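Residue-level listing of the chains:
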Amino acid sequence: MTSQVTFRVKVAVTDRHGVVVVGDCPSLGGWDPHKAVELQREENDVWSCTVPLPEGTPVRYRYMVCDIRQDKTQKKLMIIKWETYRQPRTFTPNGKSCAADGGSFGSYDGAGCAVDQGWLVDETEIRLRFHSSKSPPIIIFNQEDVNRKFLIKVIPVNLQNVQKQTIDEKDNSSTCEETPVTCKVLNDTQWCPVLQDPGGHLWENDSYLIFTTQKQTVDGKYNSPTCEETPVTCKVLNDTQWCPVFQDQWGHLLENDNYLIFTTQVFNPQEWAFDILLYAESEISDAQSNSHTPPVAKATVLPTNMTGSTGVVSAPLHNNHNRLIGQINVDYLIITPMTGEVCTAEVSYARYWKKRKTLDVGHRGMGNSYTAASVAHIRENTIASFLSAANHGAAFVEFDVQLTKDKVPIVYHDYKTCISTKTKGVTGGSQLMEIAVMELTLEDVQSLKLDHKTAKKLPAEKEASIDDEEPPDLHPFPTLRKVCSTLPEHVNLNIEVKFPLLQQDGAWEEEMDTYFDRNEIVDIIMREVLENGGKRRILLSSFDADCCVLLRRKQNKYPVLFLSQGVTERWEEMMDVRCRTVPMAMNFTLAEGLLGVDIHAEDILRNPSFVEEIAKLKLVCFVWGEDINDPANMSQLRSMEVDGIIYDRMSDHREPGLYQFETEEQNGPFLAGISQHTHH
């Protein structure tokens, strides 16, 4: 029999948003947000709908707050926030009609509130960032004004509306009300106020011409008749804080140590431009009593200016008289959704973590086998190395993933490798030439005679270290798919997504100044992980802050850790201020809703208080680096109760045996006793 089930929940939303219910049965969309059932607003922020369901059959479901748009061809969905308890709501229909009264959104079973931001479904997220990582974001040409402080405001402008308005104005030019312009002719002998002649007015040497018009404003705010209401949020990020807010009337103050991020989500990014307004800080205090304070300068960024996932657009700044007064450097990030139904609303581990004793994580499996002070005896980033680390009790195996020329995700740490070549007319051994992995296809890396670039320092007569007779599990460059399909599901994965970093000295890591597009990299790797990850636990991480943002925004299942080298003299400082210090890394992680940070051991051992600060913020703390290989340092980090330590040569510290880290049959991934990190 069928039961008419009324779903009801209380939640306050804006007029542009609605509420949907999605669940595990076809009538509730089968966890597909696009097929979710829309609720109707009742009174006092209560929403409800009635759905026919089989009587006596339990259903599992969640509520979502969404922005739903219907165009000519399809319904487009933007998930604003959703309920993210690991266990969804449950209800068993009973009788001809019944009610699943859900109480308040995000809260049920007396377990508090678990609500998270949505992931990108149909919309594109556009971020405009202003900071001094590489160069000053605002350059004023007049030396008298170079020390002025400015507030920045970003206004999205829909170009379709601009075009439509232009056409409408043209079509209605004979009937529309014109804005009158008067002219005053002023000299030693006369003044004469008149309406403009069609041909204008003659200017003579002794004349002073004044053209005047009146423009209607609303509360002194900059108003674009071509801009539909598209919300923009701003995050103010620095070493001491992070603060997400909706834009103020005059925008937000740009300080030297601030990293300002303006964010909006749109369905058709090619249709959106952005007006950037500057207000002088010195004038804003007066503006509190005078709401007609205009911006002192304006720039416009067109969608055609923003090519690729990231970049910097330099736009001219014009004052209110349309005079060029400077330029503004806009660092942009465009995040596109993954195509296809790759993510569902069934479960999310993105903000969950069970506090345990410190976990052992195998660095590249059994460790660095090429450049460490004491190298591992099994080649790094191979199936054999991962299996050996798991056999020695690794809770996770950590490894690096990048793409081949034909866009296949493979496991390899360095961006370059060495290829063995023969020189014409030269007898004797082969020569080694460096080549970027991104220039080699999967067939190339699996068939050519390749070696690690450290082999160039070996004697010329020594052949490449990759032996054709080696077992396949020892071969380098395994595909991510092979790793997922070969390793037992009790072997958990910590996947680092590789992307070359720009150093403070202007040089690119390993001279990799050209690389794949970030959206493309993350889409390909995440699709492989989501399709082949199975039931194992998976942590995602990257040293590239923007890759971390993409990993978080494009999917809702797996948690993300931000890797940071912090303050160190071992490597060059990075250009990106977000990864230079532990406090900045913590605030960036909080601002982006990541699970936690992955900090270099040197920084933690020098400043143990960081661990306590990270814990107070309810962030997960992993630690990496060669310093952990020292037993005394390892013991100290365990006593600090960091969540995980990533180190080499696990066989030096643990005896081999059968270890299974809380297998799926026992607890499942990220399950029992999980503490939840709520992000609104």
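Residues numbered from 1 in each chain as written. Predicted model: local features only at pLDDT ≥ 70, side-chain atom pairs only at ≥ 80, totals over all residues. Heavy atoms only, no water.

- As annotated in an unreviewed UniProt entry, the protein carries the name GP-PDE domain-containing protein and is attributed to Branchiostoma floridae.
- Recorded under Sequence similarities (unreviewed entry), the UniProt text for the protein is reproduced unchanged: "Belongs to the glycerophosphoryl diester phosphodiesterase family." (UniProt positions renumbered as here; feature names shortened; annotations may be inferred.)

**A short note on the overall build of the protein**
Part 1: Within the protein, the regular secondary structure consists of 11 helices and 38 strands.
Part 2: Intrachain contacts of the protein at a sequence separation of at least 6 include 71% that bridge at least 24 residues.
Part 3: By element, 49% of the accessible surface of the protein is carried by carbon and sulfur atoms, the whole surface being about 32100 Å². (Helix = DSSP H or I, 4+ residues; strand = E, 2+ residues; numbered from the N terminus. Contact = heavy atoms within 4.5 Å. Areas by Shrake-Rupley, 256 points an atom, 1.4 Å probe, with all protein chains shown as cover.)

**As for unusual backbone geometry**
Part 1: The backbone phi angle of Asn381 is positive, close to 55°, even though this residue is not glycine.
Part 2: Checked against the element boundaries, Asn381 lands in the loop between strand S26 (359–363) and helix H3 (383–391).
Part 3: You can call Asn381 buried: its relative accessible area is 2%.
Part 4: Of note in the backbone geometry, Lys618 takes a positive phi value of approximately 60° without being a glycine. (Buried < 20%, exposed > 50% of the residue type's maximum accessible area, 1.4 Å probe, protein only.)

**Looking at a nonpolar patch on the surface**
Part 1: Taken together, Ile139, Phe141 and Leu324 make up a surface patch of nonpolar side chains, about 270 Å² in accessible area.
Part 2: Inspection of the secondary structure assignment puts Phe141 in the loop between strand S12 (138–140) and strand S13 (150–158). (Patch = residues over 30% accessible without salt bridge, like charges linked within 9 Å, V, L, I, M, F, W, Y side chains within 5 Å. Salt bridge = Lys/Arg side-chain N within 4 Å of Asp/Glu carboxyl O.)

**Points about the pairing of S13**
Part 1: With 9 of its 9 residues buried, S13 lies for the most part within the structure.
Part 2: As judged from the 9 bridges shared by S13 and strand S21 (residues 272–280), these two strands associate in the antiparallel manner. The partner of Lys153 across the bridge, within S21, is Leu277. (Pairing = 2+ DSSP bridges.)

**Regarding the environment of Gly95**
Part 1: Relative to the assigned elements, Gly95 resides in the loop between strand S8 (89–91) and strand S9 (97–104).
Part 2: Distance in space between the C-alpha atoms of Gly95 and Gly56 is 8.5 Å, their sequence separation being 39 residues.
Part 3: Contacts of Gly95, omitting those with residues within four sequence positions, involve Ser3 and Glu55.

**A closer look at helix H7 (residues 545–554)**
Part 1: Among the 10 residues that make up H7, 10 are buried, leaving the element largely enclosed by the rest of the structure.
Part 2: Listed as buried for H7 are Ala545, Asp546, Cys547, Cys548, Val549, Leu550, Leu551, Arg552, Arg553 and Lys554.

**Concerning the side chain of Ser369**
Part 1: With respect to the element layout, Ser369 can be found in the loop between S26 and H3.
Part 2: Overall, Ser369 belongs to the buried group, its relative accessible area being 14%.
Part 3: Within polar-contact distance, the side chain of Ser369 engages the backbone nitrogen of Glu380 at 2.9 Å.
Part 4: Ignoring any residue separated from it by four or fewer positions in sequence, one finds Ser369 in contact with Val375, Ala376, Ile378, Arg379 and Glu380. (Polar contact = N/O pair within 3.5 Å; in protein donor to acceptor, adjacent residues only side chain to side chain.)

**Digging into the packing of aromatic side chains**
Part 1: This structure, assessed with the given rule, holds 14 aromatic pairs.
Part 2: Their ring planes at 75° and their centres at 4.6 Å tell us that Tyr85 and Tyr108 sit as a pair that is edge-to-face. One end of the pair, Tyr85, is in the loop between strand S7 (75–83) and S8; the other, Tyr108, is in the loop between S9 and strand S10 (115–117), and 23 residues separate them in sequence. Here the two residues Tyr85 and Tyr108 agree in accessibility, since each one is buried.
Part 3: Between Phe499 and Tyr515 the ring centres are 5.4 Å apart and the planes differ by 90°, which places this aromatic pair in the edge-to-face class. Here Tyr515 lies in the loop between strand S32 (492–497) and helix H6 (518–532) and Phe499 lies in the loop between S32 and H6, a separation of 16 residues in the sequence. Comparing Phe499 with Tyr515 shows no difference in burial state: the two are buried. (Phe/Tyr/Trp six-rings, centres within 6.5 Å; stacked < 30°, edge-to-face > 60°.)

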